[in-house]
Amino acid sequence: MTEDILKYINDKDLSESGGKHNQKGIEFQKYWSILRMFELMKNDADDFLLLFEAIQDIAEFDSATKPKSVTIYQIKKSDRKEWTWNKLTGLPETQNNKQNAKYEAFKESIICKLFYSIESFKKLNSIGVFISNSGCDILLESGDNVATSTKSSISELSNQYIEIIAKAIETIYTIPKLNQNLNRIFLERTYLPVDDPKTYCIGYVHNFLNERSPRHSGQAKSLVDALIVSISPLGAKTEKCKSFSEVVQRQGYSKASLLEALSNLQTIPDAIELLDFWLKDLQDSGYSAFDIVKVKLTATNIYKNIVLGNFSTEDQKLIEEIDKFLSTTIKDKKDISYVKRALAIFRPQNPKKTETELIGYLLIRIIIKCVDQN
């Protein structure tokens, strides 16, 4: 099986990557790949391996050592419009006399690349998926539209499209049976927003950690940042490889890699755990147990909102003012007297906030700044 994969990857004609992307498109792909890994974890996948820019944009195998199936992804963002039939295939909406002239455009199209990729794997079960944040404005045979569904196969499209694409495939590749594999190509819409994929991704990972390891749920942002750093160089390695294990090492990220990253959370400081040190100092300085509980609840909610990017304009302004204060007093000793000095500044400016709420804001920002410096 792995020889089949290596042959594909080392063949320049076959292993054409997913094409050029601007920075926004690259970021979209990276965050989608993290989302996908956590989806697989959530579904308790026995194993998985993602190869970056080795086979189209991303190729997902069911095993990092003995794969039996592969899902090949073309992942494209769209800033404005829905995808059209012509944009995905280069083909006209209806049969016409000029159709032959369109076949070269089809050969370079997203759908044709997916078709050819899955057909090239003879020993593995293979499917192809086009992923985008925008839907596809294409009629289904049922009378519905692909744009209103989350996932549809090409075989579900209106017969007018099936006839056109089958003819194009048979003409270009002279593989008559290829059109029988239309049910192995899918059009799928992701909820990952193109303008801010990071925040959405952090929220998804936060929810995952909250279910599997609540003590580390506050570390979702640190984990996502670490994963981005890990996968970013993988797509840039295009040298020929001598073995499948070398491909995995150069361009792959496996379940084992993700499990290792999750285990490393033990070594990443948890802001909420660090908060307990400050709460003890607050109690020692005269704050009541009731106040301490209120501060902790406030700080925990603030941290959760920071992780999820869920802030009101008023809260965001307060955080920016606190960060500005911290940056101008960075060398000052950070103890309870420092908190009280900051409190004297911010309380008159924020009459709607209680003292314990403001202490919660101050402490969580002090801790985050401290962790970031480490």
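- Naming follows an unreviewed UniProt entry, where the protein chain appears as DUF4297 domain-containing protein of Leptospira limi.

### Here's the deal with the packing of aromatic side chains
Logical step 1: Taken as a whole, this structure holds 7 aromatic pairs when the rule is applied.
Logical step 2: A ring pair is formed by F38 and F208, whose centres lie 5.0 Å apart and whose planes are at 75 degrees; its orientation type is edge-to-face. Residue F38 is located in helix 2 (residues 23-42), and its partner F208 is located in helix 7 (residues 197-212); the two are separated by 170 residues in the primary sequence.
Logical step 3: You can call F208 buried: its relative accessible area is 4%.
Logical step 4: A centroid spacing of 6.2 Å and a plane angle of 75 degrees characterise the contact between F61 and F244, whose relative ring orientation is edge-to-face. In this pair, F61 is assigned in strand 2 (residues 58-61) and F244 in helix 9 (residues 244-251), connecting sequence segments 183 residues apart.
Logical step 5: You can call F244 buried: its relative accessible area is 6%.

### Some thoughts on the packing of helix 2 against helix 8 (residues 220-231)
Logical step 1: Helix 8 packs onto helix 2 with a crossing angle of 115 degrees between their chain directions and a minimal axis gap of 10 Å. If you check the angle between helix 2 and helix 8, you find them roughly perpendicular. Classified by chirality, the crossing of helix 8 by helix 2 is right-handed. The segment helix 2 lies against helix 8, with K30, Y31, S33, I34 and F38 engaging L223, V224, L227, I228 and I231.

### Describing the packing of helix 2 against helix 10 (residues 255-263)
Logical step 1: Relative to each other, helix 2 and helix 10 sit at 90 degrees, their axes nearing to 11 Å. The angle between the axes of helix 2 and helix 10 places the two elements in the roughly perpendicular class. For the pair formed by helix 2 and helix 10, the contact residues are M37, F38 and M41 on the first element and K255, L258, L259 and L262 on the second.
Logical step 2: By residue class, the composition of the contact of helix 2 with helix 10 is 6 nonpolar, no polar and 1 charged.

### Considering the sheet that holds strand 3 (residues 69-76)
Logical step 1: Pairing within the open sheet is mixed, and its 7 strands lie in the order 5-6-4-3-2-1-7. Looking at strand neighbours, the two that pair on one side only are strand 5 (151-153) and strand 7 (252-254), the edges of this open sheet. Geometrically, the sheet is characterised by an average inter-axis angle of 20 degrees between neighbouring strands, direction not taken into account.
Logical step 2: Here strand 2 pairs with strand 3 via 4 bridges, running antiparallel. By the bridge assignment for strand 3, I58 is matched with Y73.
Logical step 3: Strand contacts of helix 5 (residues 110-120): strand 3, strand 4 (125-132) and strand 6 (185-189), with the helix running at about 165 degrees to strand 3, the strand carrying the most contacts.

### What about empty space enclosed by the protein?
Logical step 1: Enumeration over the complete set of coordinates arrives at 1 cavity of 30 Å³ or more.
Logical step 2: Each pocket or cavity is described by its volume, and for the largest cavity that value is around 40 Å³.
Logical step 3: Broken down by class, the residue content of the lining of the largest cavity amounts to 3 nonpolar, 4 polar and 2 charged.

### Looking at the pairing of strand 6
Logical step 1: Here 5 bridges tie strand 4 to strand 6, and the two strands are oriented parallel to one another. Paired with G128 across the bridge in strand 6 is I185.
Logical step 2: Relative to strand 6, strand 5 runs antiparallel, the two sharing 3 bridges. Across the sheet, the residue bridging to S153 is F186, located in strand 6.

### Here's the deal with helix 13 (residues 313-328)
Logical step 1: Given a rise of 1.5 Å per residue, 16 residues ought to cover 22 Å, and the 23 Å separating the end C-alpha atoms of helix 13 matches this to within 8%.
Logical step 2: Listed as buried for helix 13 are D315, L318, I319, I322, D323, F325 and L326. Mapping the buried residues of helix 13 onto a view down its axis gives an arc of 160 degrees, with all of them on the same face. Of the exposed residues in helix 13, the ones pointing more than 90 degrees away from its buried face are T313, K317, K324 and T328.

About the criteria used
- Residues numbered from 1 in each chain as written.
- Predicted model: local features only at pLDDT ≥ 70, side-chain atom pairs only at ≥ 80, totals over all residues.
- Heavy atoms only, no water.
- Phe/Tyr/Trp six-rings, centres within 6.5 Å; stacked < 30°, edge-to-face > 60°.
- Helix = DSSP H or I, 4+ residues; strand = E, 2+ residues; numbered from the N terminus.
- Buried < 20%, exposed > 50% of the residue type's maximum accessible area, 1.4 Å probe, protein only.
- Axes fitted to C-alpha atoms, helices over the stretch in contact; angles between N-to-C directions.
- Parallel < 35°, antiparallel > 145°, perpendicular 65-115°, else oblique.
- Left-handed = near helix turned anticlockwise from the far one by under 90°.
- Contact = heavy atoms within 4.5 Å.
- Nonpolar A, V, L, I, M, F, W, Y, C, P; charged D, E, K, R; others polar.
- Pairing = 2+ DSSP bridges.
- 1 Å grid on protein atoms, 1.4 Å probe; cavity = no way out; pocket = protein on both sides within 12 Å on 5 of 7 lines; lining within 4 Å.
- Points joined across faces, edges and corners; volume = space filled by probe spheres on them.
- Expected span 1.5 Å × (residues − 1).
- Arc of directions from axis to C-beta.

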